[in-house]
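# A structural walkthrough
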Amino acid sequence: MPALSAEPRAPRSKGVVVALTKAGRTKIRYPAELVRDDGIRVTVRAPWAAPGVRDFGFVRFEPGDVFTEHYWRDRWFAVKEVRTGDGELKGWYCDITRPVILAAGVLVVEDLDLDLWVSADGSSVLRLDEDEFEASGLAVRDPEAAGAAAAALDELEELARREGLAGLLA
């Protein structure tokens, strides 16, 4: 487990940069507002950062959407609450990641391919990208990380089906 960040309890108005990496490469970097950092969980808020619309079939991410993103320094996942610009909840997109590191205003998030989608009403809970996870070779390169990632996906899915994700984020 990585050491805790040197920047807990930062002020609410502080901006950070979220750096999402995958397989050792930066996938996307975007500015976000630091909402909360209690030393374990880091919460940021940012508008949809990718260009244009991304239609997954079960949800569309589009300009104007707002993501409140919850990351942990001691858990292998991130939970992103997705709302329209008008505040309507679309649902939660969960990334399986290594525990995050916040240093020098950059929140480093290593995506491990596995994802979970939970619709706003909780009726749809979808495991995503398990084929990408298998193809990534993580199980061979780092079996301990692969096991932690699979366990995190199982934990999130069970929580979403049993009681929803809102309690985790309170």
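Let us look at the structure shown here. (Residues numbered from 1 in each chain as written. Predicted model: local features only at pLDDT ≥ 70, side-chain atom pairs only at ≥ 80, totals over all residues. Heavy atoms only, no water.)

## Notes on the overall build of the chain
- Looking only at helices and strands, one finds 4 helices and 11 strands in the chain.
- Expected size for 170 residues packed as a compact globule is a radius of gyration near 15 Å; at 15 Å, the chain falls within 12% of this value.
- With the C-alpha coordinates of the chain rotated into their principal frame, the extents come out at 40 × 40 × 30 Å.
- Among the 170 residues that make up the chain, the fraction classed as buried is 45%.
- A separation threshold of at least 6 residues defines the contact pool for the chain, and within that pool the share at least 24 residues apart is 47%. (Helix = DSSP H or I, 4+ residues; strand = E, 2+ residues; numbered from the N terminus. Rg over C-alpha atoms; globule rule 2.2 N^0.38 Å. Buried < 20%, exposed > 50% of the residue type's maximum accessible area, 1.4 Å probe, protein only. Contact = heavy atoms within 4.5 Å.)

## Structural notes on the pattern of salt bridges
- Following the criterion strictly, the structure yields 19 salt bridges and no others.
- Two residues, K80 and D95, come together in a salt bridge whose shortest N-O distance is 2.7 Å. Of this pair, K80 sits in strand β7 (residues 77–83) while D95 sits in strand β8 (residues 89–97), placing them 15 residues apart in sequence. Each member of the pair, K80 as well as D95, carries the same accessibility label: buried.
- Members of the salt-bridge network, linked through shared partners, are D55, R60, E62, D65 and K90. (Salt bridge = Lys/Arg side-chain N within 4 Å of Asp/Glu carboxyl O.)

## Topic: the nonpolar core
- Core analysis: the biggest nonpolar cluster contains 24 residues, and F77, V79, I96, L116, L156, L165 and L168 have the highest contact counts within it.
- Every element with two or more residues in this core is listed here: β7, β8, β10 (106–119), α3 (143–162) and α4 (166–169).
- Tallying contributions element by element places α3 first for this core, with 8 residues.
- In contact with F77, not counting residues within four places along its chain, are H70, W72, D95, I96, T97, A152, E155, L156 and L168.
- Core analysis: the second largest hydrophobic core is formed by 15 residues, V18, A32, Y71 and V109 among them. (Core = buried A, V, L, I, M, F, W, Y, C linked by side-chain atoms within 4.5 Å.)

## Examining α3
- Under the 1.5 Å per step criterion, the end-to-end length of α3 is 28 Å for 20 residues, consistent within 8% with the ideal 28 Å.
- Along α3, the residues classified as buried are A145, A146, A149, A152, L153, L156, E157, L159 and A160. Projected onto a plane normal to the axis of α3, the buried residues spread over an arc of 165 degrees and lie on a single side. Looking at α3, the residues exposed on the side facing more than 90 degrees away from the buried face are P143, E144, R161 and R162.
- Immediately beyond the C-terminal end of α3, within one or two residues, lies G164, with a positive phi of roughly 85 degrees. (Expected span 1.5 Å × (residues − 1). Arc of directions from axis to C-beta.)

## Section: the environment of I40
- As for its placement among the helices and strands, I40 is situated in the loop between β2 (25–37) and β3 (41–47).
- On the basis of relative accessible area, I40 is assigned to the partly exposed category, the value being 34%.
- C-alpha separation for the pair I40 and R73, spaced 33 residues apart in sequence, amounts to 5.3 Å.

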